[in-house]
Amino acid sequence: MSESNVSRALFDEVMVPTYAPAKMIPVKGAGSRVWDQEGREYIDFAGGIAVNCLGHCHPAMVDAVKAQADKLWHLSNVFTNEPALRLAKQLTEATFADKVFFANSGAEANEAALKLVRRYAVENFGEEKDQIISFKQGFHGRTFFTVTVGGQTTYSDGFGPKPGAIEHSPYNDLAALEALFSDRTCAVMMEPLQGEGGIISADPEFAKGVRALCDKFNALLVFDEVQTGVGRTGELYAYMGLGVTPDVLTTAKALGGGFPIAAMLTTDKLAPSLKVGTHGSTYGGNPMACAVGEAVLSLVNTPEVLAGVKQREQWFRDALNQINEKHQVFSEIRGQGLLVGAALNEKYAGRARDFLMAAVEEGTMMLVAGPNVLRFTPSLIIPEADVKEGLARFERAVAKIVTA
Ligand SMILES: Cc1ncc(COP(=O)(O)O)c(C=O)c1O
């Protein structure tokens, strides 16, 4: 099939209809710019849903792929490999964790985390310690366990009987959480900043309270940092800014900067519960993915890049506030670092997707977080000129909607 035969219509012909992609098909990217089949250029404020943390085709990532591609692509976990061991060492040195389990996606890292906390509780306290508490509007992935732990029944309903002993509490409401807690509580899983749920930061006092409740009831705290991790909030991991250390942390998305990889991080105390044969993954710890992860982590985990995230957050906040002064479309600009949410005011409620589509028409790629929130998750090293140009285009999209 020649390239010219690949059109958006082919998607509807050959793909399972789980997605509704835009009309244009991107074919090339460099830094924070992307080009479609017609040669039209876009500024990328989406970064593949908080994945492309170093933009498109960063030379260090390209070099890492090329170097590893000439050495070793895959082995299986019957053998270990050098990139996996080096990346695990990097992750343990940079965080609270002592031990790493590699997976391929955020959902899989969370699946591993949920199995670990259940297994640890069964082994140390007995079968009846099985309750997992998570939060309404939370998102943890699409496997049946993770989607059930997630707090949106629209994603988990309609597939038959769900995994049990999972309860949901309102986010940032410590009293409601405390009411659900008992000796039966095995673990709490939470995002330190809810991404898909609308860009809602955890109140630091709430997060500290969750930790204290977990400690009181011998329950484990799992932070899902799939979206917030690897520099996104301006800290390497968001827990570092909250001052609350989890027992288990999951990381994916930006860890590979565009190459599929995920990891579950935990402690020496918990890790033995996933002994040989209890869990596994064919591709988890794949040398190609881990070689890219090493390159990404080395670049992101520097004071310059992390401080640059906070600087860029300010550029976004200032520009979005200015747009709002002119056009009155937002009720709030929120989020942390380069996980920025612009909540639509009542007049534009439910219309986030219209803004997204209008922005694409003007040459800016961005995201939504639910029907009422526009989400910006660009590269952590996006140049100032691209921020300005992308936001100028976005403002034209906003102007079109408000004057329509
Ligand atoms: C917080 C969080 N957890 C888990 C996931 C699932 O990750 P994946 O799509 O890689 O399975 C996502 C994806 O958006 C996420 O934002």
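Residues numbered from 1 in each chain as written. Predicted model: local features only at pLDDT ≥ 70, side-chain atom pairs only at ≥ 80, totals over all residues. Heavy atoms only, no water.

As recorded in an unreviewed UniProt entry, the protein chain goes by Acetylornithine aminotransferase and comes from Corallincola luteus. Under the UniProt heading Subcellular location (unreviewed entry), the entry covering the protein chain gives this text: "Cytoplasm". According to the UniProt record, the Catalytic activity (unreviewed entry) comment for the protein chain is "N(2)-acetyl-L-ornithine + 2-oxoglutarate = N-acetyl-L-glutamate 5-semialdehyde + L-glutamate". (UniProt positions renumbered as here; feature names shortened; annotations may be inferred.)

Applying the stated criterion across every chain yields a total of 12 aromatic pairs. An angle of 70° between the planes, with centres 4.9 Å apart, marks the rings of Phe45 and Phe316 as edge-to-face. A residue pair is termed long-range when its members are at least 10 positions apart, and Phe45 in the loop between β3 (41–44) and α2 (47–50) and Phe316 in helix α12 (residues 303–327) qualify at 271 residues. Relative accessible area serves as the criterion here: at 0%, Phe45 is assigned to the buried category. (Phe/Tyr/Trp six-rings, centres within 6.5 Å; stacked < 30°, edge-to-face > 60°. Helix = DSSP H or I, 4+ residues; strand = E, 2+ residues; numbered from the N terminus. Buried < 20%, exposed > 50% of the residue type's maximum accessible area, 1.4 Å probe, protein only.)

In the UniProt entry, the feature "binding site: pyridoxal 5'-phosphate" (unreviewed entry) is given for Gly106, Ala107, Phe139, Asp224, Glu225, Val226, Gln227 and Thr282. The annotated residues occupy 177 residues of the chain and do not converge on a single region, their most distant C-alpha atoms lying 24.8 Å apart. Counting through the fold element by element, Gly106 comes out in helix α5 (residues 106–125). When its relative accessible area of 13% is taken as the criterion, Gly106 is described as buried. Every residue in contact with Gly106, bar those within four places of it in the chain, is listed here: His140, Val226, Ala252 and Ala262. Here Phe139 is in contact with Tyr155, Glu191, Glu196 and Asp224, once residues within four sequence places are set aside. (Contact = heavy atoms within 4.5 Å.)

Scanning the entire structure with this criterion turns up 24 salt bridges. Residue Arg86 pairs with Glu82 through a salt bridge whose shortest N-O separation is 3.8 Å. A residue pair is termed a helical-turn pair when its members lie 3 or 4 positions apart in one helix, as Arg86 and Glu82 do in helix α4 (residues 82–94) at 4 residues. Lys99 is the salt-bridge partner of Asp268, the closest N and O atoms lying 2.6 Å from each other. Taken together, the residues span a long stretch of sequence, with Asp268 in the loop between β12 (262–266) and α11 (287–300) and Lys99 in strand β4 (residues 99–103) at a distance of 169 residues. Taking the relative accessible area as the measure of exposure, Asp268 reaches 43% and is therefore partly exposed. A single salt-bridge network, built from bridges that share partners, covers Arg33, Glu41, Asp386, Glu389 and Arg393. (Salt bridge = Lys/Arg side-chain N within 4 Å of Asp/Glu carboxyl O.)

In this fold, Ser134 is placed in strand β5 (residues 131–135). On the basis of relative accessible area, Ser134 is assigned to the buried category, the value being 0%. Engagement of the side chain of Ser134 in a polar contact is seen with the side chain of His168, the distance being 3.4 Å. When sequence neighbours within four positions are dropped, the list of residues in contact with Ser134 reads His140, Val149, Ile166, Glu167, His168, Ser169 and Met189. (Polar contact = N/O pair within 3.5 Å; in protein donor to acceptor, adjacent residues only side chain to side chain.)

It is worth spelling out the UniProt feature "binding site: N(2)-acetyl-L-ornithine" (unreviewed entry) in the protein chain at this point. The positions that UniProt labels "binding site: N(2)-acetyl-L-ornithine" (unreviewed entry) are, in the present scheme, Arg142 and Ser281. With respect to the secondary-structure elements, Arg142 resides in the loop between β5 and α6 (144–149). Residue classification places Arg142 among the exposed residues on the basis of a relative accessible area of 54%. Setting aside chain neighbours within four positions, we find Arg142 in contact with Ala107, Val147 and Tyr155. Accessibility expressed as a relative area gives 19% for Ser281, which makes it buried.

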